[in-house]
Amino acid sequence: MSIMDNSAIERIAAPDLSEDALALLETFRTNDDVIFFLGRLVWQGEMKACAPALLDIAVDPTRGKYARIAAIRGAMAVGDPELKERLLTMIAGDPGPIDRSIVAEVLEWLPATVHGVDLALLILDHAAPHERFHATGLRYALHEFINRLPVMTDAAEAHPLGHFVAGLQAFLTREPFIERGECHVSQAFAWLMPAALHAVDRLVAARSAEALAPASIAVLRNMPALKFWGSSEDFDDYKTSLSENVPRWRELNDLLYWTSISESRAVLEAKGETLRNDWQIAFLGHFWGFGAEDFERCLEWVKTRTGDDRFVALSRCLNIYVEADRPSAWLSLLRAAVADDSELSACLEERLDPKPSPSMAKTEAKHRRWKRESDARDRKQKKNRADWVRALKANPDRVSHPPSLKPGEFSRDQYSLLMSVRQGGVSTSREDGANWRALIPEFGEAVARAFRDAAVAHWRLYRPELRSEGADTGSTPYSLIFAMTGLAIEAGEDSAFARRLTEDEARLAFRYVTWELNGFPSWFEVLFRAFPEIGREAVLTELGWELEQSVGEKALHYILHDIFYHAPWLHGEVAPLILDWLRKNESPNADALRYSLNILASSGTDAGELAALAAAKIKAGVSEEQGPRWFALWVDTDPKAAIPELEAYLASLPPQSDFAQRFIVALLGDRHGTGTRTGAYKNARDLKTLYILMHRYVRIAEDIDRLGKGSYSPTLRDDAQDGRSRLFNMLFEVPGADAYAAMKALEEEHPEPDYRSWMAVRAHERATQDADEPLWSTEQVRDFERMGAIDETD
């Protein structure tokens, strides 16, 4: 079936075709190519009746990868909760090996709960073995899953992120271990270490107690050994802030330090050796760290700890002492701390004037042996790389014109050079490989230019698929990344890049736009300005597809999200499509609706049109989930008509409803998001009314007190409380007599009597600030004098 045929199927997708789709699923259930398209038809057409048929295909391990992925998406998009749970449970229970692309797809649908974590761990246990050069999207899906898991308050009963760390650590401790030095990390699961480190990094950044749990400590302890004794082939490096954040958190730093000492001592004692100097483990490069400010604390360990720990603490104090350039005052403190123990005193004097001891010589000999082995591995890797570099230098043409390679294909040499430019790690942009000149020092200019030329040529030969055409975006082929590298190179080196392209080349370039990792490629806006009609067609096609697909609870986070956050210049271009679509269709899911309404609000769309849209949606009846956002838009654009309707609607709801909380967050935004933008309600009268209304339905008595309770993840209630307070702050910032009158009225009308005296204070402050403004006219003075006599309805 061609792409054009597939597009035709999308245009006719509708729930009333469910019977026909069921018949096709039954007729062609063994044809993976047909199932691939039918799965998407079910998804787009919201054909809930077809979900059970897709379930059977989704959980069948004998079916093709792409058919299963399409079936999973279709069933998860339209199935009921029971069916979704059955699908996820059955796939997770498959003994495997499960294709890693299937695992990545399932991770995207798992709930960010402890139950979702349990399913994730089960399916990871059954995933196919890791293959270094095989891109499946699983690593990316893992990091995205970790980003979705909440960091809970310490008092919470369930901690999904901490639970996931414990599960990953269980994998990492499975034997056989990597047989290098003291690296006790599983050979089969070492690839999970970056994910585990990412999860712990989030816990540490939030100062969560889960970061102090044994599993988190084990990850922090084992990572340095894996990095030291392993090789670049064992895992992809994940950049964290742990080296800075762990030492800043003394409780964690010290726990990690002494746990590392304890675990290493157990290993050495099994060999009949002792550990009295932390140098024996410090060479691995642990996350813990100590500076001059920690000297007194470490000195206290010398006094209070027992046995060999006192010697370890003394070694740490001496390291700090030497690094601080041997402060004379510290030496007497060190001697006083060990005065009660002759062996410790002797150890101190020996360390101050070191002479090699038999035990130290033995330890150093062991470390030299380990170092020789590590160096031998490094030399072998460097030799292999040097041989490869020499071969490329002798024949750069094999980079630019690889033999036996079809147009659009990608060679191993090109891959390795791309990785050299990107320098490994977790990429944040498809343009990370564009700095081809970084290859020159090692490979020479001829090879570097061959890489550059090959990449530039490659983007014209490769044709990226689009989601609107059924593309599987769960993983990104390195061939596509290489093509985007070429595009970034050409656009970056030629200021007239866009003007030199033909229309066909421009159409091809626009196909790459939605494959960027975060937002859009740097050249997107320039290309759009050069080819506005082609660019508009490309964007609107994908945007229209996403609006049609945004059903259920799962947001696509495709082009709509990126337009909102990364391309404000594009808002005016897409606003007519979004406005027309919302007029004709039921609202998409909550995230898609939020993005859409914020794009409309910032696009310059007439406020009257937005108010009319919101009023029509509310009067036609909207869902409990999306009602707050439509009311927020209406209040933002036409408060005179909207606020009375909002007040009546809130009065009709049961007391336990959180509608008011979600409304105020939608109107003002939360800590991380953007509220509505027109701002017609930002006047004294409407702000006062909204403030009273929110106090009535977001009651002070039910507020959450976070003061002094440690780190936490903000909830809806936290954001609603903040929003309620912000309404008054906005009122106070309104200059003039109206704001003063509103605050004076609140002195009598505030729903919370305890707040009324504070209203009087703030009203006086408002009047004082207004008095500092330029001189009032006679009319303003007269109005101000009359404030006390203003009718309450004013």
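Everything below is about the structure shown above.
Predicted model only: the values in this text are computed from it and were never measured.

What counts, and at which threshold
- Residues numbered from 1 in each chain as written.
- Predicted model: local features only at pLDDT ≥ 70, side-chain atom pairs only at ≥ 80, totals over all residues.
- Heavy atoms only, no water.
- Helix = DSSP H or I, 4+ residues; strand = E, 2+ residues; numbered from the N terminus.
- Buried < 20%, exposed > 50% of the residue type's maximum accessible area, 1.4 Å probe, protein only.
- Contact = heavy atoms within 4.5 Å.
- Areas by Shrake-Rupley, 256 points an atom, 1.4 Å probe, with all protein chains shown as cover.
- Polar contact = N/O pair within 3.5 Å; in protein donor to acceptor, adjacent residues only side chain to side chain.
- Salt bridge = Lys/Arg side-chain N within 4 Å of Asp/Glu carboxyl O.

Asker: Explain the overall build of the chain here, please?
Answerer: A count of helices and strands for the chain gives 41 helices and zero strands. For the chain, with 794 residues in total, the buried portion stands at 50%. Restricting the contact set of the chain to residue pairs at least 6 apart, pairs at least 24 apart contribute 71%. Roughly 37,000 Å² of accessible area belongs to the chain as shown, and the carbon and sulfur atoms make up 51% of that amount.

Asker: Quick question: what am I supposed to make of the environment of Glu747 here?
Answerer: Following the sequence through the fold, Glu747 ends up in helix α39 (residues 737-749). For Glu747, a relative accessible area of 24% corresponds to the partly exposed category. Sequence-wise, Glu747 and Ala760 are 13 residues apart; in three dimensions their C-alpha atoms are separated by 5.7 Å. Residues within four places of Glu747 in sequence aside, it is in contact with Arg756, Met759 and Ala760. Here Lys744 takes part through its side chain, which lies 3.0 Å from a polar atom of the side chain of Glu747.

Asker: In this structure, what is going on with the pattern of salt bridges? I would like to understand it.
Answerer: Between side chains of opposite charge, pairing is possible as soon as their charged atoms come close. Under the definition given, this model contains 37 salt bridges. Asp494 serves as the salt-bridge partner of Arg500, at 2.6 Å between the closest nitrogen and oxygen. For Arg583, the salt bridge goes to Glu609, with nearest N and O atoms at 2.7 Å. In this pair, Arg583 sits in helix α31 (residues 571-584) while Glu609 sits in helix α33 (residues 607-620), placing the two residues 26 residues apart along the sequence. Accessibility expressed as a relative area gives 33% for Glu609, which makes it partly exposed. Residues joined by salt bridges that share partners form a network here, namely Arg250, Asp254, Asp294 and Arg297.

Asker: Which parts of the structure should I look at to understand helix α9 (residues 138-148)?
Answerer: Along an α-helix, residues three or four apart share an orientation, since each turn contains 3.6 residues. For α9, the set of buried residues is Leu138, Ala141, Leu142, His143, Phe145 and Ile146. Next to the buried residues of α9 lie α7 (100-109), α8 (114-125), α10 (160-172) and α11 (193-205).

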